[in-house]
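# Observations on the three-dimensional arrangement
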Amino acid sequence: MLVLVVDSSTPAVTAALVEVSTEGVALRATRCTVDARAHGELLAPQVDAVLADADARPGDLTAIVAGLGPGPFTGLRVGLVTAATMGQVLGVPTYGVCSLDGIGHPAAAGEPVLAASDARRREIYWAVYDGSGERIAGPEVDTPTVAAARARDLAVTVAVGDGAHRYADVLGLPVRAEPRYPDATTLAVLAAERVRAGAPGERLTPLYLRRPDAVAAAGRKPVLP
């Protein structure tokens, strides 16, 4: 079963093509470009590129997996709209996975780990995973200081992700080099059971965790004295 994976929850714009079978998940092609200002310009061409790299067509897809975030509003919605639109047009199911799971799950190696991505405004999106890679806290958005205190309460010994690199001095934890951004193969692995079972497609609800900066005007201002 050929599955497209997309994630735009971080500055890393990712598209990948994987093959899901009873034996596991195999990566067929991937493209990832780190550019926080070009999600909309990069994702569609990268989807075309991974299909071409694997000598596949959109009609060959069995399902689409998308990272749900958390992430900034503008970037995150690019991936989710792309996945939802392709799923509807192709008539294939879409499945969502928390994007932080694509960072924390593969980093877990027998000890609790904090996965963090940059939330801007001097905050991070974070979640904690146990030694087997299961999420036990989060996702949430907080200052690095608050996240560090929660991590200590959960006996976390190591951190991972771009947010952890940016605020390593505040978190006070050793930081693993990789994965820095959500890993596409891991996102597919976490959705593989649903893919194999042919589960009904899911509505891709984004994990924004906070309101967007832009808000509607409260009312009209008078223009006459």
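The structure under discussion appears in the preceding block.
Now for a quick tour of the structure. (Residues numbered from 1 in each chain as written. Predicted model: local features only at pLDDT ≥ 70, side-chain atom pairs only at ≥ 80, totals over all residues. Heavy atoms only, no water.)

Moving on: the side chain of aspartate 101. In this fold, aspartate 101 is placed in helix H3 (residues 101-107). Within the structure, the side chain of aspartate 101 is placed 2.8 Å from the side chain of arginine 135, a separation counted as a polar contact. Setting aside residues up to four positions removed in sequence, aspartate 101 forms contacts with Pro106, Tyr129, Arg135, Thr186 and Leu190. (Helix = DSSP H or I, 4+ residues; strand = E, 2+ residues; numbered from the N terminus. Polar contact = N/O pair within 3.5 Å; in protein donor to acceptor, adjacent residues only side chain to side chain. Contact = heavy atoms within 4.5 Å.)

Topologically, threonine 14 is positioned in strand E2 (residues 12-21). Ignoring anything within four residues of it in the chain, the contact list for threonine 14 reads Val5, Val6, Asp7, Arg31, Cys32, Leu43, Gln46 and Ala184.

With that out of the way, let us pick up the nonpolar core. If you look at the biggest cluster of nonpolar residues, it comprises 24 residues, and the most contacted ones within it are Leu4, Val6, Leu17, Leu43, Val47 and Leu61. Counting residues per element, the ones that place at least two in this core are strand E1 (2-7), E2, helix H1 (39-53), strand E4 (61-67) and helix H2 (73-90). The element contributing the most residues to this core is H2, with 5 residues. For leucine 61, the contacting residues outside a window of four places in its chain are Leu2, Val3, Leu4, Leu17, Leu51, Met86, Leu90 and Val92. (Core = buried A, V, L, I, M, F, W, Y, C linked by side-chain atoms within 4.5 Å. Buried < 20%, exposed > 50% of the residue type's maximum accessible area, 1.4 Å probe, protein only.)

Turning our attention to the sheet that holds strand E7 (residues 123-129). The mixed open sheet is built from 4 strands, whose spatial order is E8-E7-E6-E9. This sheet does not close on itself; its edge strands, each paired only once, are strand E8 (135-142) and strand E9 (158-160). Taking each pair of neighbouring strands and ignoring which way they run, the sheet shows an average axis angle of 20°. Relative to E7, strand E6 (residues 113-120) runs antiparallel, the two being bridged by 7 bridges. For serine 117, the partnering residue across the bridge sits in E7 and is tyrosine 125. Strands in contact with helix H4 (residues 144-153) are E6, E7 and E8; relative to E7, the strand with the most contacts, it is inclined by about 10°. (Pairing = 2+ DSSP bridges. Axes fitted to C-alpha atoms, helices over the stretch in contact; angles between N-to-C directions.)

Next up on the list: the sheet that holds strand E3 (residues 24-34). In spatial order, the strands read E3-E2-E1-E4-E5; together these 5 strands make up an open sheet with mixed pairing. The sheet is open, and its two edges are formed by E3 and strand E5 (94-97), each paired on a single side. Adjacent strand axes in the sheet meet at a mean angle of 20° when their direction is disregarded. Of the pairings in the sheet, the one linking E2 to E3 comprises 10 bridges and is antiparallel in character. Residue pairing in the sheet places valine 20 in a bridge with valine 25 of E3.

Most of E4 sits inside the fold, with 6 of its 7 residues counted as buried. Pairing of E1 with E4 involves 5 bridges; the strand directions are parallel. Residue pairing in the sheet places valine 6 in a bridge with alanine 66 of E4. Pairing geometry for E4 and E5, over 4 bridges, is parallel. Each residue of the ladder has a partner; that of alanine 66, found in E5, is glycine 96. Handedness of the E4-H2-E5 crossover: right-handed. (Right-handed = clockwise from strand over helix to strand, strands pointing away.)

This part takes up helix H7 (residues 184-197). In a regular helix each residue adds 1.5 Å, so 14 residues correspond to 20 Å; H7 covers 20 Å between its end C-alpha atoms and thus fits that length. Within the sequence span of H7, burial applies to Ala184, Thr186, Leu187, Ala188, Ala191, Ala192 and Val195. Packing partners of the buried residues in H7 comprise E1, E2, E3, E4, E5 and H3. Positive backbone phi, approximately 65°, marks glycine 198, located one or two places after H7. (Expected span 1.5 Å × (residues − 1).)

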